[in-house]
Amino acid sequence: ASGPSCVAAIGGFLGPCGACFERLRGVALALVPVLSSALEPGRYLERVLAVTRRTYEALVKLLKLLVDHKVKWLPDAARALLGDFSSKLTPAVSGFVQHAMDKGASDKAQLARQGKLVPALIERLEQVDFYLVTLAKQCKGHDQIDHFIKRSAARDFKIDIRKLSAAWEEAAAKTRKRKEKGKEKDGKRRKKGDVDDCPSEDSDEQEEEE
C-alpha cells in the first residue's frame, strides 16, 4: 500500500500505541535535566543509569514494532519521540556517563555495578541505531529518517570498557587513600589526647613530697 491508504493502515494498527510514544517521550524529557545534574557516585546515580537503560529498551521495542509492520511513514508521535531522543536525551546521556567516569567509584562493588550498567546502556543505544537504519531503508522515498541517526555521536559515545574500569579503579584508589589519611589523622589526635590526659612524672613527685 502507498499514499493515503498506507497512512490510514499505519494509523489503524498504531492507534493504541500512540499513547506509548507520548508517554516515552515524557519520560525522555523528564530524564534530560536529571542527566544534566552533577550527581555524586552512589545508588542514586546507578538508578538513573538503570532507568535510562530501560527507557532506551522501550524505544527499541517500539522501533522493532515499526520495523515488523514494514511501515513506510512514521506517525507524528513517533517523529516527535525520535526527535527528542536524538537531539536532547542522547547528548545528555553521553555527558552523564562522562560525569560518572570523572567522579569514579568509592568501592569495588560500586565499580562492578557501574561496569555492568554503562555497557548495557551503550548496547541499547547501538540497537536504536540498528532499527533506525532498518526503518530508513523501509521508508526510503516516503519518509526521511536519516536525520534521527546520530552515527558520529554513537561512535564517539562508545567507551573502551577497559579504560573506563581503569579510570574508576584509579578514582577508587584515591578515595581509599583519602579515607586512610583521615583515619591516621584521627588516630594521631586520639593518641595526643590520651597523652595529655595522663599525669606527668613531675606531678607525681610533687604529690609524694607533700
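Residues numbered from 1 in each chain as written. Predicted model: local features only at pLDDT ≥ 70, side-chain atom pairs only at ≥ 80, totals over all residues. Heavy atoms only, no water.

1. Some thoughts on the overall build of the protein chain
- Scanning the protein chain from terminus to terminus reveals eight helices and zero strands.
- From first element to last, N terminus to C terminus, the protein chain shows the α and β order α-α-α-α-α-α-α-α.
- Here the contacts in the protein chain between residues at least 6 apart in sequence split such that 83% fall between residues at least 24 apart.
- Accessible surface for the protein chain amounts to roughly 12900 Å². Of this, 52% is attributable to carbon and sulfur atoms. (Helix = DSSP H or I, 4+ residues; strand = E, 2+ residues; numbered from the N terminus. Contact = heavy atoms within 4.5 Å. Areas by Shrake-Rupley, 256 points an atom, 1.4 Å probe, with all protein chains shown as cover.)

2. What about the environment of C139?
- Examined against the element boundaries, C139 turns out to sit in the loop between α5 (108-138) and α6 (151-157).
- A residue is classified by how much of its surface remains accessible, and C139, at 0% relative accessible area, is buried.
- Residues C139 and L74, 65 residues apart in the sequence, show an inter-C-alpha distance of 8.3 Å.
- What C139 contacts, discounting residues up to four positions off in sequence, is V71, K72, W73 and I145. (Buried < 20%, exposed > 50% of the residue type's maximum accessible area, 1.4 Å probe, protein only.)

3. Focus: the pattern of salt bridges
- Tallied over the entire structure, the rule returns eight salt bridges.
- Note that E46 is salt-bridged to R43, the shortest N-O span being 3.9 Å. A residue pair is termed a helical-turn pair when its members lie 3 or 4 positions apart in one helix, as E46 and R43 do in helix α3 (residues 43-68) at three residues.
- The class for E46 is buried, based on a relative accessible area of 5%.
- The exposure class of R43 is exposed, given its relative accessible area of 52%. (Salt bridge = Lys/Arg side-chain N within 4 Å of Asp/Glu carboxyl O.)

4. Some points on the nonpolar core
- Counting residues in hydrophobic clusters, the biggest one holds 45 residues, and the most contacted among them are Y56, L59, L63 and L89.
- Mapped onto this core, the elements with two or more residues apiece are α2 (18-35), α3, α4 (76-103) and α5.
- With 11 residues, α3 is the single largest residue contributor to this core.
- Each residue touching L89, except ones within four places of it in the same chain, is listed here: A28, L31, V32, L35, T55, Y56 and D84. (Core = buried A, V, L, I, M, F, W, Y, C linked by side-chain atoms within 4.5 Å.)

5. With respect to the packing of α2 against α3
- Two elements in contact, α2 and α3, have axes whose closest approach is 11 Å; the angle formed by their N-to-C orientations is 150 degrees. Judged on the interaxial angle alone, α3 and α2 are roughly antiparallel. Crossing handedness for the pair α2 and α3: left-handed. Along the contact surface, α2 presents C20, F21, L24, V27, L31, V34 and L35, while α3 presents Y44, V48, V51, T52, T55, A58, L59, L62 and L66.
- Partitioning the contact of α2 with α3 into residue classes produces 14 nonpolar, two polar and no charged. (Axes fitted to C-alpha atoms, helices over the stretch in contact; angles between N-to-C directions. Parallel < 35°, antiparallel > 145°, perpendicular 65-115°, else oblique. Left-handed = near helix turned anticlockwise from the far one by under 90°. Nonpolar A, V, L, I, M, F, W, Y, C, P; charged D, E, K, R; others polar.)

6. Some details on the confidence of the model for the protein chain
- Of all residues in the protein chain, 67% attain a pLDDT of 70 or more, and the chain-wide mean is 76.
- The lowest-confidence element of the protein chain is helix α1 (residues 3-14), averaging 43 in pLDDT; the highest-confidence one is α3, averaging 93.
- Every residue in residues 1-12 scores below 50 in pLDDT, and together they form 10 contacts with partners more than four places removed in sequence or on other chains.
- When the criterion is pLDDT under 50, residues 151-158 qualifies, and its contacts beyond four places in sequence or with other chains add up to nine contacts. (pLDDT = per-residue confidence, 0-100.)

7. Observations regarding the packing of aromatic side chains
- Taken as a whole and assessed by the stated rule, the structure comprises two aromatic pairs.
- The interplanar angle of 90 degrees and the centroid separation of 5.2 Å between the aromatic rings of Y56 and F85 together place this pair among those described as edge-to-face. You can see Y56 sitting in helix α3 and its partner F85 sitting in helix α4, a full 29 residues away along the chain.
- When the ring of F130 is compared with that of Y131, the centres are 5.1 Å apart and the planes differ by 75 degrees; the resulting orientation is edge-to-face.
- Look at F130 and you get exposed, because its relative accessible area is 53%. (Phe/Tyr/Trp six-rings, centres within 6.5 Å; stacked < 30°, edge-to-face > 60°.)

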